[in-house]
Amino acid sequence: MRIVIIGNGVAGITAARYLRKFSDHEIIVVSDEAPYHFSRPAMMYVSMGHMTLDQTKPYEDGFWKKNRIELVHDAVTSIGHAEGPYRSVELRSGSSIDADIIVFATGSQPAWYNWQGEHLPGVQGYVNKHDLDLLERNLVGTRNAVVVGGGLIGIEAAEVLHSRGLHVSMLVRESTFYRKVFPADESEMVTEHIARSGVDLRCGTNLERIVAGDNAARVDHVVTSSGESIRADLVVLATGVKPRIDLAQMSGIAVSRGILVTDRFETSVPNIYAIGDCAEFDHGVEQLWYTARAHGEHLARVITQGDGAYARGIYFNSAKFFDLEWQIYGTVPADSTDGTSVFWRDATSERCLRIAHNHGTVIGIHAIGIRLRQDVCERWIRKGQSAAVATKEIQSAIFDPEFSRKVTI
Amino acid sequence: MSLVQLTVPDSMRNHGTMWSKWKHRGLPAYFLALLFTGFYVLVYWFPETLKPLFRLLDPLSNVLRGSAADHWFLYGTVYTVAVIVMGVRMLIRYRTQRYHIYRTLTLMAVQLMLSYIIPALLMRIGSKEFYFSYFWPLKPEYLFPSNISALVQSDNGLLMFMGFWTIAMTVVATPVLTYFYGKRWYCSWVCGCGALAETAGDPFRQNSDKTLAAWKIERWMVHSVLATIVAVTGLIWWANIDPTSPIAPYAHEANRVYGFLIGSVFSGVIGVGFYPLMGARVWCRFGCPMAAVLGLLQKYASRFRITTNGSQCISCGNCSTYCEMGIDVRAYAQRGEDIKRASCVGCGVCATVCPRGVLKLENH
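Residues numbered from 1 in each chain as written. Chains lettered and ligands numbered in written order. Predicted model: local features only at pLDDT ≥ 70, side-chain atom pairs only at ≥ 80, totals over all residues.

1. Some remarks on the sheet that holds strand S14 (residues 219-224) of chain A
Residues and elements named next belong to chain A.
Right, on to step 1. Taking strand neighbours across the sheet as the criterion, the three strands line up as S13-S14-S15 in an open arrangement whose pairing is antiparallel. The open sheet is flanked by strand S13 (207-212) and strand S15 (229-231), the only strands paired with a single partner. The average angle at which neighbouring strand axes cross in this sheet is 25°, direction not considered.
Right, on to step 2. Relative to S14, S13 is paired through five bridges, and the arrangement is antiparallel. Residue pairing for S14: Arg209 is matched across the bridge by Val223. (Pairing = 2+ DSSP bridges. Helix = DSSP H or I, 4+ residues; strand = E, 2+ residues; numbered from the N terminus. Axes fitted to C-alpha atoms, helices over the stretch in contact; angles between N-to-C directions.)

2. Quick word on the interface of chain A and chain B
A common way to state how big an interface is: give the accessible area lost once the parts meet.
Right, on to step 1. Contacts between the two partners involve 32 residues from chain A and, on the opposite side, 33 residues from chain B.
Right, on to step 2. Mapped onto the side of chain A that touches chain B, the elements with two or more residues apiece are helix H8 (289-305), strand S22 (316-321), strand S23 (324-330) and helix H9 (374-383) of chain A.
Right, on to step 3. Tallied by class, residues from the side of chain A that touches chain B come to eleven nonpolar, twelve polar and nine charged. (Contact = placed C-beta atoms within 7 Å. Nonpolar A, V, L, I, M, F, W, Y, C, P; charged D, E, K, R; others polar.)

3. Examining the sheet that holds strand S6 (residues 96-99) of chain A
Residue and element names in this part refer to chain A.
Right, on to step 1. Taken together, the three strands give an open sheet; going across it, the order is S4-S5-S6, and neighbouring strands pair in antiparallel fashion. A strand with exactly one partner marks an edge of an open sheet, and here the two such strands are strand S4 (76-81) and S6. Pairwise comparison of adjacent strand axes, ignoring direction, gives a mean angle of 25° for this sheet.
Right, on to step 2. Sheet analysis places strand S5 (residues 87-91) next to S6, joined by four bridges and oriented antiparallel. Directly across from Val89, in S6, lies its bridge partner Ile97.

4. Some words on helix H1 (residues 10-22) of chain A
All names here are of chain A.
Right, on to step 1. The first and last C-alpha atoms of H1 sit 18 Å apart over 13 residues, in line with the 18 Å expected at 1.5 Å per residue.
Right, on to step 2. Of the positions making up H1, those classed as buried are Val10, Ala11, Gly12, Ile13, Thr14, Ala15, Ala16, Arg17 and Leu19.
Right, on to step 3. Against the buried residues of H1 lie strand S1 (2-6), strand S2 (26-31), strand S3 (69-73), strand S7 (101-104) and H8. (Expected span 1.5 Å × (residues − 1). Buried ≥ 20, exposed ≤ 12 C-beta atoms within 10 Å, placed from the backbone.)

Following this line, the structure appears as structure tokens:
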């Protein structure tokens, strides 16, 4: 059996790895983004000079041949019908691959909102290898940058541009940074940290339009919702991502926001599956690194072992805001209060921890500047640990380096 | 760069490392390598050329050792100054991380006291120049019969202490401490080679080779060196016990060849000379027999490991990139596996550069 995976991001590559682990099927991964899988969250470290793009590749180049996973660096132009039950994957180079099973792992693309001037030179997103390369060209002779969007990509872009010596302004819709996710205390702590790191952080501010210079050759400034102009020879639009569904839509596969799938990743067309950022379940899309990896692994079980429904485990995520690390397990509502959570903030450093509970039962834990043990946090949430006990036994959940200052919640 | 590092709120950043010609194998890195290599060649084989330099150190040498300076005193001074100056840089750079502060201070103190001042003072009082921080097989002659028998049987209490110290550290402390804390207790907290690597070598750590091929070469080389020094030590003892044996004449010749190839060329010229090109742990990784012993203990008889935090790894590769021992840390972390590698010196930088809090050094 031949399985063709479209996309070599973490979802597609994880599926390929586990399909190889569980089976002897022929596996072909097609991508036009990069010849080899690289870690997308590591893009920012390439732009900051911490690593080369080569060093962001999670597997040595010899890995693929050794594991009989064929990599094709080409763009898929359409999915056609071949003879019999086969479908053909048509490539830009003119060749075509017959496939028994096709997996869409096409990821996502920046979601922009038709701003005036968004197609000007010097305006870009920051989600794929194309953006990575474009940024280097856009940085030549650039001094002032505006980042639009206060999400996880926005803060990465701001850190990258700041590290490259630019004056960076950041437009954030919410009143304080990440307020739609963070309770007020955490949001304020991170907001202060970003501002102190040297970014001109403008909360409660939206983008109105992007304006070109005199000769219209490149962006010159942006105008905010309050009518203010901010100089910018580079604008990064980081206002979220949306599933990449063009190819699926063209191929007659049912789509809505993403490619519609069952909880076994089946699309509307038999033997075509979708995983990762591009897939939309009944409950919506799941666009995280970790969920993409989980989709890939579970799909391999579905295909090779007829496994049942994919069920997402206890939610977790992590990020870094300049020097502040953040980890979350379970649910910590943004409207958490003293009545619904236990909160601790270090008096002398930028560290805090919150245990959210529902009538005394732990439902989520998150921390800034403190590392937490995933297995302990998940165990507490799964078995409904009492918040009082969790608070008392918090040391068992701390994953900080040796000699770190104690969390004295 | 250093001014920037001084003024930023938290300093553990590697901005621009891959574009730095000094740090990432540009022309200046080759120049540095030539400079370091050249210094070692002069110290080992053409010491007279350095005479004007060590004449400058005569006053200090007279105070510490009670005699005029020689090339070894010059070497020790340059080495210690490098550890102290670059150690201060480490303290500034990693100032938010207590693990790095404590181990860097320890390395600096051990280098200054046990490897520089105390051996010099021992010479001054007419005792034996002795380094309390080096043991067999890194300093093989310490367990040679000529040395150890004389020390243990000495009437002089200090010399006798040196003898028992050597035996106790080699036979008892090494396995016990490695069992509880891993090889890091020595390589990243005590050893002089480690002290220079962890301070002067820190800017070059990203240049270690992470390929599977390099790992294979490393295992062959480091264990071959260990096997050789075990054999040489055995020969020396055999020749001592039975001086009429036909192998006796070869024992000291074998030791001389080992001293030249491994002690001088490998640990000195290549070990430090290649810092800017292959990272600071070339000797520790490919050549040090002490590291080989500690590595075997660490792999098979130690509670130490680097643990991986669930599924939080984003495969970014910062850990692998900045591992000075060339361990592909990410290969383990992204599979959720603990890292238990013989070569890991427990410097802790993988855990520090991890942006998602996935790695932790633990003594389970």
